[in-house]
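Okay, here's what each chain looks like letter by letter:
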Amino acid sequence: MENQKKPVNKKLWLALALLVAAAAVALGLWYFNRPAVVGGEKTITATVVANGGEEAFTVTTEEEYLRGALESIDLIAGEESEYGLFVKTVNGITADDSKQEWWCFTKGGEMLETGVDSTPIADGDAFEITLTEGY
């Protein structure tokens, strides 16, 4: 009996090529549209809103991302995850999972689309960190 080759499924290869192309386009769009990182010294403010009150903190730092700036004054703490720091404690207040509490990070009233590890900061930025209840 002679060796018989199975026909290559052209539709499968075409679909795979289209998937790779789409992933490359998506990666390129993200790369060219990602927020810019600003070097050098900068001053930001972070307002913590919790338990009916609010407290503003001013941070002067050379950090490039929000996490580094907030950790430099021991304002946030949490657990490492595959996505970065999962913030559980802000200004000594720990979110209570049994009450479905979590910390919401906003800038100019808009919820951040990135985590604290990947949110770049620039001089004059103002962030709000609000203890929120309900998933």
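None of the values given here were measured: they were computed from a predicted structure.

S.K.: Explanation requested: the side chain of Thr119 in the structure shown.
M.R.: Structurally, Thr119 can be placed in the loop between β7 (110–111) and β8 (126–133). By relative accessible area, which is 5% here, Thr119 ends up buried. Within the structure, Thr119 has its side chain in polar contact with the backbone oxygen of Gly115 (distance 2.7 Å). Every residue in contact with Thr119, bar those within four places of it in the chain, is listed here: Glu64, Tyr65, Leu66, Leu112, Thr114 and Phe127.

S.K.: Help me understand the sheet that holds strand β1 (residues 42–50) in this model?
M.R.: Across a sheet, paired strands are connected by hydrogen bonds in the backbone, their directions being either parallel or antiparallel. Pairing is mixed across the open sheet formed by five strands, whose spatial order is β2-β1-β8-β6-β7. Lying at the two open borders of the sheet, with one neighbouring strand each, are β2 (53–61) and β7. In terms of strand pairing, strand β6 (residues 101–107) meets β7 through two bridges, oriented antiparallel. The residue bridging Lys107 from the neighbouring strand is Glu110, located in β7.

S.K.: Just checking my understanding: could you explain the nonpolar core for this structure?
M.R.: Within soluble globular proteins, side chains that are nonpolar generally end up buried alongside one another. Ranked by size, the top nonpolar core spans 23 residues in total, and within it Leu66, Trp103, Phe105 and Ile129 carry the most contacts. Of all elements in the fold, only β1, β2, α2 (66–71), β4 (84–90), β6 and β8 reach the threshold of two or more residues within this core. For this core, the element with the most residues is β1, which contributes four residues. If we skip the residues at most four places from it in the chain, Leu66 touches Ile44, Phe105, Leu112, Val116, Thr119, Ile121 and Phe127.

S.K.: Just checking my understanding: could you explain a nonpolar patch on the surface for this structure?
M.R.: Among the surface-exposed residues, Trp13, Leu16, Leu19 and Val20 lie close enough to one another that they form a single nonpolar patch of about 440 Å² accessible area. Its location among the elements puts Leu16 in helix α1 (residues 10–33).

S.K.: In this structure, what is going on with a negative patch on the surface? I would like to understand it.
M.R.: Residues Glu41, Glu62, Glu63, Glu64 and Asp123 make up a contiguous surface patch of negative charge. Mapping Glu62 onto the fold places it in the loop between β2 and α2.

Calculation notes
- Residues numbered from 1 in each chain as written.
- Predicted model: local features only at pLDDT ≥ 70, side-chain atom pairs only at ≥ 80, totals over all residues.
- Heavy atoms only, no water.
- Helix = DSSP H or I, 4+ residues; strand = E, 2+ residues; numbered from the N terminus.
- Buried < 20%, exposed > 50% of the residue type's maximum accessible area, 1.4 Å probe, protein only.
- Polar contact = N/O pair within 3.5 Å; in protein donor to acceptor, adjacent residues only side chain to side chain.
- Contact = heavy atoms within 4.5 Å.
- Pairing = 2+ DSSP bridges.
- Core = buried A, V, L, I, M, F, W, Y, C linked by side-chain atoms within 4.5 Å.
- Patch = residues over 30% accessible without salt bridge, like charges linked within 9 Å, V, L, I, M, F, W, Y side chains within 5 Å.
- Areas by Shrake-Rupley, 256 points an atom, 1.4 Å probe, with all protein chains shown as cover.
- Salt bridge = Lys/Arg side-chain N within 4 Å of Asp/Glu carboxyl O.
- Lys, Arg positive; Asp, Glu negative; His and termini not counted.
- Charge placed at Lys NZ, Arg CZ, Asp CG, Glu CD.

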